[in-house]
Amino acid sequence: MIEVTLIKVGMADLNIASGGALLKTTGLGSCVGVTLYDPQLKLAGMAHIMLPLSEIAREGQLNVAKYADTAIPELIRRLREKGADIKRLVAKMAGGAQMFAFAGGGDSMRIGPRNVESAKLMLDSFSIPLAAEDTGANYGRTVELDSGTGILMIRSVQLGVKEI
Amino acid sequence: MILFPKDEEFKMDVLREVGNIGSGHAATALSTLMDRQVDMAVPTVSLLPFESIADRVGGSEAIVVAIFLRIEGPAPGNMFFILRPGSARRLLARFPVFDDFEADQYSELELSALCEIGNILAGSYLSSLGDFTGLYMSPSVPSIAVDMAGAILSYGLMQFGTMGDDALLIDTIFLEGGQEADGQFFLIPDPESFNKMFQALGVPVE
């Protein structure tokens, strides 16, 4: 039997993996899961981002993994430490749903789409291409990135499993 | 994260009483609605890491039926009424119109009925809380989702998200006929709302 290492990424958390290990984060709602992959080194990173911009932070000790504009640079830094070349990195993204539909509702109700927008802007600023995404809609997702292949598996209650 | 640097234990007790009064009224409403006795556990008040909040309803990937309301007014916050799928089905079965169903599917009418039940219960929770604190608490239009607990609950953590990685949760479990949890109320006041509630109740704040 082949043992596959599973590395769990919590909410407002990030991590990297290689050698065929899996990176997994569960229950993405309005949060967005951003993954970066260096196909040559088979080196993968994943962030479970909760909020779009760190400028809204009021916490003493900033959790960089929580905000799109700080999590992506940190993930890139961690991957480069392991030898990744930023020119080879490709991104995938899932989540950013709007779990509850309201008539009206303020900007905070749009947190999912705003997380996605902010993450895309960050990737753009590093010229990292977005290879695939499964974002928006109104349902939760659990995602798993295979560091051996770069394939992102997405599971949802309504639609079952798909790969991007 | 330290939310209450002073008198923490006392403040947690006050919040437990807030939960007790609110959910007591909601339990009575549920009991009337179901024409059955509904018991309620003592509310728990805890400051929990985001990661562990979904564990209160069976884990991040557990499927739950959740009715969400945003509380508006001087002390805003988020409120969830959460049912396990089996309990949602039992609740619907009390109404003869829903006797024909598919086990894992909910029709639009069934979802609408569950949403309205959640609305009635949350309404009685909030109106008693409003009477108790003298603060106007206005619930938003309710919204329902059947999905992974983690995806649903994270939606109620955004206001705490900018402060740290924990949220304060007032959690009450309902039991019907001595079975396992049938329904659960989560009240997550916005971080700024605590001092307003404490002031309204005569609790000294720093």
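Scroll up for the structure.
In short, a report on the structure.

What counts, and where the lines are drawn
Residues numbered from 1 in each chain as written. Chains lettered and ligands numbered in written order. Predicted model: local features only at pLDDT ≥ 70, side-chain atom pairs only at ≥ 80, totals over all residues. Heavy atoms only, no water. Helix = DSSP H or I, 4+ residues; strand = E, 2+ residues; numbered from the N terminus. Contact = heavy atoms within 4.5 Å. Pairing = 2+ DSSP bridges. Axes fitted to C-alpha atoms, helices over the stretch in contact; angles between N-to-C directions. Buried area = accessible area lost by both parts, 1.4 Å probe. Salt bridge = Lys/Arg side-chain N within 4 Å of Asp/Glu carboxyl O. Polar contact = N/O pair within 3.5 Å; in protein donor to acceptor, adjacent residues only side chain to side chain. Nonpolar A, V, L, I, M, F, W, Y, C, P; charged D, E, K, R; others polar.

Next up on the list: the side chain of S154 of chain B. In this fold, S154 of chain B is placed in the loop between α5 (149-153) and α6 (158-161). Those residues within four positions of S154 of chain B in sequence are excluded, and the remaining contacts are M11, G29 and C31 of chain A.

This part takes up the sheet that holds strand β1 (residues 6-8) of chain A. Residues and elements named next belong to chain A. If you trace the five strands from one edge of the open sheet to the other, you get β1-β3-β8-β9-β10, paired in mixed fashion. For this open sheet the edge positions go to β1 and β10 (160-163), each flanked by a neighbour on one side alone. Averaged over all pairs of adjacent strands, the angle between their axes in this sheet comes to 20 degrees, without regard to strand direction. Pairing between strand β9 (residues 152-156) and β10: four bridges, direction antiparallel. Of the residues in β10, the one forming a bridge with I154 is K162.

Moving on: the interface of chain B and chain A. In many reports, interface size means the accessible area that the parts give up when they come together. Each partner contributes residues to the interface: chain B has 32 residues there, and chain A has 35 residues. Of the roughly 2600 Å² buried at the junction of chain B and chain A (both faces included), carbon and sulfur atoms supply 60%. It is Y155, M158 and T162 of chain B that lose the most area in chain B upon contact with chain A, and together they represent 25% of the buried surface on that side. Remark: the boundary between chain B and chain A carries five salt bridges. For E61 of chain B, the salt bridge identified is with R155 of chain A, shortest N-O distance 2.2 Å. Our count for the chain B to chain A interface comes out at 13 residue pairs in polar contact (both at pLDDT 80 or more). Where the side of chain B that touches chain A is concerned, the elements lending two or more residues are α2 (50-53), β3 (63-72), β6 (143-148), α5 and α6 of chain B. Per-class residue counts for the side of chain B that touches chain A are 17 nonpolar, nine polar and six charged.

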